[in-house]
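Spelled out, the chains give:
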Amino acid sequence: MGPIRNTEHRRAGFTLIELMIVVAIIGILASIAVPRFLGMQLRAKRSEVFANLQGIATAQNAHRELYETYRATAWSPTGSTLDGSPDQWDPTASGWALLEWGPDGDVNCRYRAQHRRRNRMGGWVRIQARCDIDDDNRNANWFMDVDPLGLAGSSQHMVMRPNAVTANQNRF
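The shown structure was predicted, so the numbers you read here are calculated from the model rather than taken from an experiment.

1. A short note on the pairing of strand 3 (residues 140–146)
A regular strand places its side chains on the two faces of the sheet in alternate fashion.
Now for step 1: Here strand 3 lies mainly inside the structure; six of its seven residues are buried.
Now for step 2: With seven bridges connecting them, strand 2 (residues 124–131) and strand 3 associate as antiparallel partners. The partner of Ala129 across the bridge, within strand 3, is Trp142.

2. Here's the deal with the nonpolar core
Now for step 1: Grouped together as the largest cluster of nonpolar side chains are 25 residues, with contacts concentrated most on Val49, Leu53, Trp96, Tyr111, Ile127 and Trp142.
Now for step 2: Tallying contributions element by element places helix 1 (residues 16–67) first for this core, with six residues.

3. Some points on the state of the cysteines
Now for step 1: With the rule as written, the count across this model stands at one disulfide.
Now for step 2: In this model Cys109 forms its disulfide with Cys131; the gap between the sulfur atoms is 2.1 Å. Of this pair, Cys109 sits in the loop between helix 2 (96–99) and strand 1 (110–116) while Cys131 sits in strand 2, and the two are 22 residues apart along the sequence.
Now for step 3: Cys109 gets classed as buried once you look at its relative accessible area, which sits at 1%.

4. Examining the environment of Pro103
Now for step 1: Summarising the element assignment, Pro103 is placed in the loop between helix 2 and strand 1.
Now for step 2: Separated by 47 residues in sequence, Pro103 and Ile56 have C-alpha atoms that sit 9.1 Å apart.
Now for step 3: Residues contacting Pro103, with those up to four places away along its chain left out, are Asn52 and Trp89.

About the thresholds
Residue numbering note: each chain is counted from 1, following its sequence as written. The predicted origin of the model limits local features to residues at a pLDDT of at least 70 and limits the giving and counting of side-chain atom pairs to 80 or more, whereas totals for whole chains, interfaces and linings rest on all residues. Water and hydrogen atoms play no part in the side-chain values, which are based on all heavy atoms of the structure. To sort residues, take the accessible area from a 1.4 Å probe on protein chains only and compare it with the maximum for the residue type: under 20% means buried, over 50% means exposed, and anything in between is partly exposed. To qualify as a helix, a DSSP run of H or I must reach at least 4 residues; to qualify as a strand, a run of E must reach at least 2; elements of each kind are numbered from the N terminus. Here, strands pair whenever DSSP counts at least two bridges between them. Nonpolar core, defined: a set of buried Ala, Val, Leu, Ile, Met, Phe, Trp, Tyr and Cys residues in which side-chain atoms within 4.5 Å join the residues together. Count a disulfide wherever a pair of cysteine sulfur atoms falls within 2.5 Å. Only heavy atoms enter the contact rule, under which two residues are in contact if any of them lie within 4.5 Å.

Below, the structure is given as structure tokens:
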């Protein structure tokens, strides 16, 4: 009688080494993709701030053309901006209904406009945004001065700049 032959066939499947290689490749890809995704989220939040500041400035200029003055507004939405989640816009906050401006959907920042009068020519307006853009539990303050007559001492029509808190957030 000859040697006994093993007639079992090898089961279809992957070896432990093959599975470990696949997991390692997925881990490497994730370590590359996640920081890029978080960076894109940060850029999107910044873009929202600038788009809304520009939209409010346009509404302020339209209001000035109609009524020969800018419109001051209260902070909207009310409440904290440090929880990291978008808040629903509050159009009933003082001044916003008269300005006839509102964002498309929820916002990550709080916004307000302060009317500054220097003389009878209508003055100028400072539009502010306050939010925690990079989720570090510190609010960043952004503002835009709308000053077509140069009353605030600015030679530019609009100035957008972050305050010192946001200096480490790659200024745009």
